[in-house]
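Inside the fold
Chain residues, written in single-letter form:
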Amino acid sequence: MKAGGALGLVRSHGAFRLLWTARSVSFLGDSLSLVALMLHVAETTGQALAVALLLLVGDFAPALLGPLAGAVGDRFEPRRVMVACELAQAALVAAMALWTPALPALLVLVALRAVAGQVFQPVSRAIVPALVRDRDLEPANAAIGFGTNAGETLGPLLAALLLPLAGVRGVLLTDAATFLLSAVLIARLPRAPREPAPGRGSLLRDTADGLRHIAGAPLLRAVGLGYFAIVAFNGIDDVALVFLATDTLRGGGSAAGLLLAAVGAGLLAGYALLGRARRPLPMPPLLVAGFAVSSAGNLLTGLAWAVAAAFTVQAVRGLGIAAMDVAANTLVQRTVPAAYLSRVFGTLYGAIGVAAALAYVGGGLLLDATGPRAALVVAGAAGLLATLLTAAALRRVPPPGDPGDPGDPRDPASPGDLAGPGPPPS
């Protein structure tokens, strides 16, 4: 690990700093506009169903296109794909601001913007190995996780400040400006080397080829199925914590906000700690540990006797979520051929989006049937079972090569490092 970890990468690697800044700014704008759109739809329609539809077309529906979106990133030069996606999102958000359409047209614009974002995300993850050396993948992913989650955390706070001054239209135009800034930064990235996939055909054929690649890779199957199960079981927390704080622990709305913020605080702390690790960590054990901490956090939250205890457990749970995010991204980047990276990321995070939607639906039914305590305990216990099954599956997979091994195709001394020499090893 290089001295300075994640912060050192951002400071010293110009190309990575451009990507990190672009993603952080873009996520900040996303969270700004989401708050504005939710308030706008709630005020103009007065229907909770309309807000639910907004979230559905902006999150769940595009996730179904994950494998196809990833195939787009593998067919074309990554920098051009990302710039095109950011410009498309800027144009669509600006149209929402200037047109302020009725709900049906607004939902169409939101869906199109979300699809462009769905294409952007896997490419922005797939390009990281071309910008930093193999040994720096873990701190690079920690830095990106910290930046994007900090943007998502600050977005609602900035929206609260901007809405009284600029209104919904002003906040949406601010979001459009963040996409434009992101596009300008990404355009300055060096051109990434291409590794064309064998037998390239139509977009649908490339998508199917990517799915076959995942199906034929035991490591990817274990990571993908395990991640899907963990999110499907534990995604209930967003809903259950509100009822646990207000009904069970009788803490009121402020307590609910405190519990929801605890995971975010833990996430940021987790990314910061992983970004400053003194030596490379083995990724499969880190992934399993993240699964276990995330699941145990929900189980113990269901047993919490006070808001302070639930807050502490949820903050620790955030550490686990950061660990599983960094571990999964690093494992994929380190083991998947460059020609398939975008498709693998598109499929993985598309599946995670579907799992989150299933958690909201199934978790809501479980919550109504049992109450928040029982729902969190059941969800956490199921997550721990999924963790054990994932650990067993990973034990049957040959471990990936350590970064810096002589046989590692992404050796840190490789001349293809676009970021140039970094700081000397610690």
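Preceding this paragraph is the structure being described.
The paragraphs below set out a description of the structure included in this document. This one's a predicted model, so the numbers in the text were calculated from it and none came from an experiment. Here the residue numbers are simple positions, counted from 1 along each chain's written sequence. Given that the model is predicted, a residue must reach a pLDDT of at least 70 before its local features are reported, and side-chain atom pairs must reach 80 or more before they are shown or counted; all residues, however, enter totals for whole chains, interfaces and linings. Note that water and hydrogens are dropped before the side-chain values are worked out from all heavy atoms of the structure.

1. Considerations on the packing of aromatic side chains
What counts as a ring pair is set by centres within 6.5 Å for rings of Phe, Tyr and Trp (its six-membered ring), and what kind of pair is set by the plane angle: stacked under 30 degrees, edge-to-face over 60, tilted for all other angles. Throughout the structure, instances matching the rule amount to three aromatic pairs. For the ring pair Tyr227 and Phe291, a centre distance of 5.8 Å and an interplane angle of 75° mean the geometry is edge-to-face. Of this pair, Tyr227 sits in helix α10 (residues 218–234) while Phe291 sits in helix α13 (residues 283–302), and the two are 64 residues apart along the sequence. Think of it in three bands: residues with accessible area under 20% of the maximum for their type are buried, residues over 50% are exposed, and the middle band is partly exposed, with areas taken using a 1.4 Å probe on protein chains only. Relative accessible area serves as the criterion here: at 0%, Phe291 is assigned to the buried category. Three or more aromatic residues joined by ring pairs form one cluster here, namely Tyr227, Phe291, Phe345 and Tyr349. Geometry around Tyr349 places Arg125 over its ring, the cationic atom sitting 3.7 Å from the centre. To qualify as a helix, a DSSP run of H or I must reach at least 4 residues; to qualify as a strand, a run of E must reach at least 2; elements of each kind are numbered from the N terminus. Consider the ring centre and the ring normal. A charge sits over the ring if Lys NZ or Arg CZ is within 6 Å of that centre and within 35 degrees of that normal.

2. Digging into the side chain of Thr347
On the secondary structure map, Thr347 appears in helix α15 (residues 341–370). Polar contacts involving the side chain of Thr347 include one to the main-chain carbonyl oxygen of Arg343, which spans 2.9 Å. Once residues lying within four places of it in the same chain are set aside, the contact partners of Thr347 are Gly66, Pro67, Leu211 and Ile214. Between N or O atoms, a polar contact is any pair within 3.5 Å; within protein, one atom must be a potential hydrogen donor and the other a potential acceptor, and residues adjacent in sequence are included only when both atoms are from side chains. Note on contacts: a residue pair qualifies if any of its non-hydrogen atoms lie within 4.5 Å across the two residues.

3. A closer look at the side chain of Gln89
Turning to its location among the elements, Gln89 is positioned in helix α5 (residues 78–99). For Gln89, a relative accessible area of 2% translates into the label buried. Among all residues touching Gln89, those that are not within four sequence positions of it are Arg113, Ala116, Gly117 and Phe179.

4. A closer look at the packing of helix α4 (residues 66–75) against α15
Where α4 meets α15, the closest approach of the two axes is 7 Å, and the angle between their N-to-C directions is 160°. It follows that α4 is roughly antiparallel to α15 by the angle criterion. Of the two possible hands of crossing, α4 and α15 adopt the one that is right-handed. Mapping the contact onto sequence places Gly66, Pro67, Gly70, Ala71, Gly73 and Asp74 in α4 and Leu341, Ser342, Arg343, Gly346, Thr347 and Gly350 in α15. Within the contact of α4 with α15, the residues separate by chemical class into three nonpolar, seven polar and two charged. With axes taken as lines fitted to C-alpha atoms, and helix axes fitted only over the stretch in contact, angles between N-to-C directions fall between 0 and 180 degrees. Throughout, the term roughly parallel applies to angles under 35 degrees, roughly antiparallel to angles over 145, roughly perpendicular to angles from 65 to 115, and oblique to all others. Take the far helix as your reference; a near helix turned counterclockwise from it by less than a right angle gives a left-handed crossing, and one turned clockwise gives a right-handed crossing. Basically, the charged four are Asp, Glu, Lys and Arg, the nonpolar ten are Ala, Val, Leu, Ile, Met, Phe, Trp, Tyr, Cys and Pro, and anything else, Gly included, counts as polar.

5. Here we look at the pattern of salt bridges
Salt bridges, as used here, are contacts in which a Lys or Arg side-chain nitrogen is within 4 Å of a carboxyl oxygen on Asp or Glu. Within this structure, the stated rule accounts for eight salt bridges. The partner of Asp134 in a salt bridge is Arg334, with the nearest N and O atoms 3.0 Å apart. Placement of the pair is Asp134 in the loop between α7 (128–131) and α8 (137–187) and Arg334 in helix α14 (residues 307–335), with a sequence separation of 200 residues. Comparing Asp134 with Arg334 shows no difference in burial state: the two are buried. The residue Arg343 makes a salt bridge to Asp209 at a minimum N-O spacing of 3.8 Å. Of this pair, Arg343 sits in helix α15 while Asp209 sits in helix α9 (residues 203–215), placing them 134 residues apart in sequence.

6. Considerations on the nonpolar core
Tyr227, Leu287 and Val332 are the most contacted members of the largest nonpolar core, which has 45 residues in total. Among the secondary structure elements, those contributing two or more residues to this core are α10, α12 (252–275), α13, α14, α15 and α16 (372–395). With nine residues, the single largest contributor to this core is α14. When sequence neighbours within four positions are dropped, the list of residues in contact with Leu287 reads Val223, Met324, Ala327, Ala328, Leu331 and Leu394. Only buried residues count toward a nonpolar core. Its members are Ala, Val, Leu, Ile, Met, Phe, Trp, Tyr and Cys residues joined through side-chain atoms within 4.5 Å.

7. Quick look at α15
Here the expected span of a helix is defined as 1.5 Å times the quantity of residues minus one. End to end, α15 covers 41 Å across 30 residues, agreeing with the expected 44 Å (1.5 Å per residue, within 8%). Just downstream of α15 lies Gly371, where phi reads positive at about 100°.

8. Observations regarding α5
The first and last C-alpha atoms of α5 sit 31 Å apart over 22 residues, in line with the 32 Å expected at 1.5 Å per residue. Its side-chain oxygen at 3.2 Å from the backbone nitrogen of Arg79, Glu77 defines the N-terminal cap of α5. One or two residues past the end of α5 sits Thr100, with phi positive at roughly 45°.

9. Examining the environment of Ala187
Along the polypeptide, Ala187 turns up in helix α8. Remark: the alpha-carbon pair of Ala187 and Thr174, spanning 13 residues in sequence, is separated by 20 Å. Among residues more than four places away in sequence, those in contact with Ala187 are Arg79 and Val83.

10. Notes on the packing of helix α2 (residues 14–45) against α8
In contact at an axis separation of 5 Å, α2 and α8 are set at 35° when each is read in the N-to-C sense. When its residues are assigned to classes, the contact of α2 with α8 shows 29 nonpolar, 14 polar and four charged.

11. Some remarks on the environment of Arg75
Relative to the assigned elements, Arg75 resides in helix α4. A relative accessible area of 23% places Arg75 in the partly exposed class. As for Arg75 and Val332, which are separated by 257 residues in sequence, their C-alpha atoms are 18 Å apart.

12. Looking at the environment of Gly46
Tracing the backbone shows Gly46 in the loop between α2 and α3 (48–63). Sequence separation of Gly46 and Val344 is 298 residues, and the distance between their C-alpha atoms is 40 Å.

13. Description of a nonpolar patch on the surface
A contiguous nonpolar surface patch, about 380 Å² in accessible area, is contributed by Leu154, Leu157, Leu158 and Leu161. Within the fold, Leu154 resides in helix α8. Here a patch means residues that are over 30% exposed by relative accessible area and free of salt bridges, tied together within 9 Å if like-charged and within 5 Å if nonpolar (Val, Leu, Ile, Met, Phe, Trp, Tyr). Here, Shrake-Rupley sampling with a 1.4 Å probe gives the accessible areas, and only protein chains in the shown set may cover a residue.

14. A word on unusual backbone geometry
Positive phi outside glycine occurs at Thr100, with the angle close to 45°. One can find Thr100 in the loop between α5 and α6 (103–126). On the basis of relative accessibility, which here comes to 40%, the residue Thr100 falls in the partly exposed class. Even without glycine at this site, Arg250 takes up a positive phi of about 50°. Along the chain, Arg250 turns up in the loop between α11 (237–248) and α12.

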